[in-house]
Amino acid sequence: MNNALMRAALTAAERGWHVFPLRPNTKRPALHGENACPRTGPCTSGHRKWEERATTDPDRIRAAWAHAPFNVGIATGPSGLLVVDLDMPKDNSNTDAPDGAATFTALCERTGQPVPRTRTVRTASGGLHLYFTAPAPVRLHNTAGTLAPLVDTRAWGGYVVAAGSTVDGARYELEGPALLRPLPDWLKALLVPPHPVNRLSVAAPGNARRRPYVASALAKETAAVTAAPEGQRNATLLRAGRALGRFVASGGLTRTEVEDALQGAGESAGLSAAECRATLRSALDWSITHNQTSTREAA
C-alpha cells in the first residue's frame, strides 16, 4: 500500500501539483498543528501550515511516504487548480434527495451551459471532484454552496484527496479519460467575488480604523478552529462563527470572508464540509441577528 500511495503522490507531483500527507484511511492532514510545532526543519523560522509545506519535490515525497501509508492531499491553490466538489447528501435514508451532481447539472441547465467535461475523480463517498486549471489572474478561494446546494469549490486555502487514496476503506478513483480543462468563463464569473477595494472604499471611517483589529480577530479564530482537538471542533467552529458574526453585522467583514476562512479551517481540523456549512450558517445567522439588534437599540 505504501508504494501505491507513494506512486500516487509522485504522479501528482509530476503534474506540478503540490502534495502533502494525510492520515492513513482519512482526509485529515498528517502534519503537526501550530500548538505542537517543534520550530525545526521547515518550521525553523515559524510554523508552516499544510498549504505552505505541500511540495512537488520527489525526494521529500519519497521520504515522507516511506514512513506510513499516508493518503495524498493536493493543495489546490499552489497547484493552480480549482476543484468543484459535487457532494453526496448526508441523510442516506432519503433516497430522493438530490446530490451535488444533480444540483450542478440543474445549474448548468439554468445558465444554458453544458456540463463541463474535465478530469474527474470519484470520491470515497460516491461524489465527484471536477478538476480545472484555475484562472491565473484571479486568486480564487474555497466556497461552500455558493454555486448550488452540495456543490463546493476548492482553491486557495483548500485541498482535495488525490486519486489512489482510500477513506474508510473506499478508494478515490479516476473516472473516464477526460483531460484537465481550464475553468469555464461562466463558472469563473459566478465565483469571482466583488473586489475588496470596492468594499473598503465605501466603509465608514471607524471600520477602516478598526481593520487591523478585525484582521487579527479573523486570524485568531481561524487558527483556533484549525487547531481544535477532536471532540471540540464543532463547538470551536460555532464559537468562532458567533465571534466573527458581529464584524459581519457591523460591516467590518463580509459573510463570505468569514465563511471561506472558517470553512477551510474546519475541514482542515477534520470536520466534513457539510458539518462546517451547517454550523457556520447557524452561528452567523444567530450572531448577525443579535448584533444588528444591539446596534439598533444602541442607536
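Owing to the predicted nature of the structure, the values given are computational and were not obtained by experimental measurement.

Engineer: Hey, could you run me through the pattern of salt bridges in this one?
Structural biologist: Pairing between side chains of opposite charge can happen when the charged atoms of each approach one another. All chains considered together, the criterion is met by 8 salt bridges. Here Arg255 ties to Glu259 by a salt bridge, and the two come within 3.0 Å at their closest N and O atoms. Placement of both Arg255 and Glu259 in helix H9 (residues 255-269) is noted, with a separation of 4 residues, approximately one turn of the helix. Ionic contacts of the salt-bridge type, sharing partners, join the residues Asp152, Arg154, Glu267 and Arg277 into one network.

Engineer: Help me out: how do you make sense of the nonpolar core in this one?
Structural biologist: One broad rule of soluble globular proteins: the nonpolar side chains tend to lie buried together. Judged by nonpolar contacts, the single largest core of 30 residues is most densely connected at Val19, Phe20, Ile61, Trp65, Val72, Ile74 and Tyr131. Put simply, the parts of the chain that give this core at least two residues each are helix H1 (2-14), strand E1 (18-22), helix H3 (58-65), strand E2 (71-75), strand E3 (81-86) and strand E8 (159-161). If you tally residues by element for this core, the top one is H1, at 7 residues. Sequence-distant contacts of Val19, that is, excluding residues within four places in its chain, are made with Ala9, Ala12, Ala13, Ala54, Thr55, Ile61, Trp65, Val72, Gly73 and Ile74.

Engineer: Would you mind showing me how to read unusual backbone geometry here?
Structural biologist: Trans peptide bonds make up the majority, and among non-glycine residues the majority have a negative phi. You will see that Arg39, though not glycine, has its phi angle at about 55 degrees, which is positive. With respect to the helices and strands, the residue Arg39 is situated in the loop between E1 and helix H2 (50-53). A relative accessible area of 41% means that Arg39 is categorised as partly exposed. A positive phi angle, close to 55 degrees, is found at Asp168, a residue other than glycine. With respect to the helices and strands, the residue Asp168 is situated in the loop between strand E9 (166-167) and strand E10 (170-171).

Engineer: How should the layout of surface pockets be read in this particular structure?
Structural biologist: Approximately 550 Å³ is the volume found for the second largest pocket. In terms of lining residues, the second largest pocket is bounded by 24 residues, among which Lys27, Val161, Tyr172, Ser272 and Ala273 are the most central. The greatest single-element share of the lining of the second largest pocket, amounting to 3 residues, is contributed by E8. Partitioned by chemical class, the residues of the lining of the second largest pocket number 9 nonpolar, 7 polar and 8 charged.

Engineer: I would appreciate a short explanation of the sheet that holds E8 in the present structure.
Structural biologist: To summarise the sheet geometry, strands pair through backbone hydrogen bonds and adopt either a parallel or an antiparallel arrangement. Strands sit in the order E1-E2-E8 across an open sheet of 3 strands; the sheet is antiparallel. Because the sheet does not close on itself, it has two edges, and the strands there are E1 and E8. Between one strand axis and the next, the sheet turns by 35 degrees as a mean value, whatever way the strands run. Looking at chain direction, E1 and E2 are connected through 5 bridges and run antiparallel. By the bridge assignment for E2, Val19 is matched with Ile74. Sheet strands in contact with H1 are E1 and E2, and its direction is about 15 degrees off that of E2. Helix-sheet contacts for H3 involve E1 and E2, and the interaxial angle to E1 is about 10 degrees.

Engineer: Whenever I open this one, the packing of H1 against H3 confuses me. Can you help?
Structural biologist: Packed helices, taken two at a time, are described by the angle between their axes plus the distance between the axes. The contact between H1 and H3 brings their axes to 10 Å, and the two run at 160 degrees. With respect to H3, the element H1 is oriented roughly antiparallel. For the pair H1 and H3, the crossing hand works out as right-handed. On the side of H1, the interface is formed by Asn2, Leu5, Met6, Ala9, Leu10 and Ala13, while H3 contributes Pro58, Ile61, Arg62 and Trp65.

Criteria and cut-off values
Residues take numbers from 1 onward in each chain, read along the sequence in its written order. In keeping with the model being predicted, local features are shown solely for residues with a pLDDT of at least 70 and side-chain atom pairs are shown and tallied solely at 80 or more, while totals for entire chains, interfaces and linings include all residues. In computing side-chain values, all of the structure's heavy atoms are included and hydrogens and water are not. Salt bridges are defined as contacts in which a side-chain nitrogen from Lys or Arg sits within 4 Å of a carboxyl oxygen from Asp or Glu. By definition, any uninterrupted DSSP run of H or I lasting at least four residues is a helix, any uninterrupted run of E lasting at least two residues is a strand, and each is numbered from the N terminus. Put simply, a nonpolar core is a bunch of buried Ala, Val, Leu, Ile, Met, Phe, Trp, Tyr and Cys residues held in one set by side-chain atoms that sit within 4.5 Å of each other. Each residue gets one of three labels from its accessible area relative to the maximum for its type: buried under 20%, exposed over 50%, partly exposed in between, using a 1.4 Å probe on protein chains only. We call two residues contacting when some pair of their heavy atoms lies within 4.5 Å. Only protein atoms enter the 1 Å grid used here. Points where a 1.4 Å probe fits but cannot escape make up a cavity, open sets with protein on both sides within 12 Å along at least five of seven lines make up a pocket, and a residue lines them when an atom lies within 4 Å of a point. Grid points are joined across faces, edges and corners, and a volume is the space filled by probe spheres set on the points. Polar here means any residue outside two lists: the nonpolar Ala, Val, Leu, Ile, Met, Phe, Trp, Tyr, Cys and Pro, and the charged Asp, Glu, Lys and Arg; Gly therefore counts as polar. Strands are labelled as partners when DSSP assigns at least two bridges between them. A fitted line through C-alpha atoms serves as each axis, taken over the contacting stretch for helices, and the angle formed by two N-to-C directions is quoted from 0 to 180°. Here the word oblique covers every angle except those under 35 degrees (roughly parallel), over 145 (roughly antiparallel) and from 65 to 115 (roughly perpendicular). Crossings are sorted by hand: turned counterclockwise from the far helix by less than a right angle, the near helix makes the crossing left-handed, and turned clockwise it makes it right-handed.

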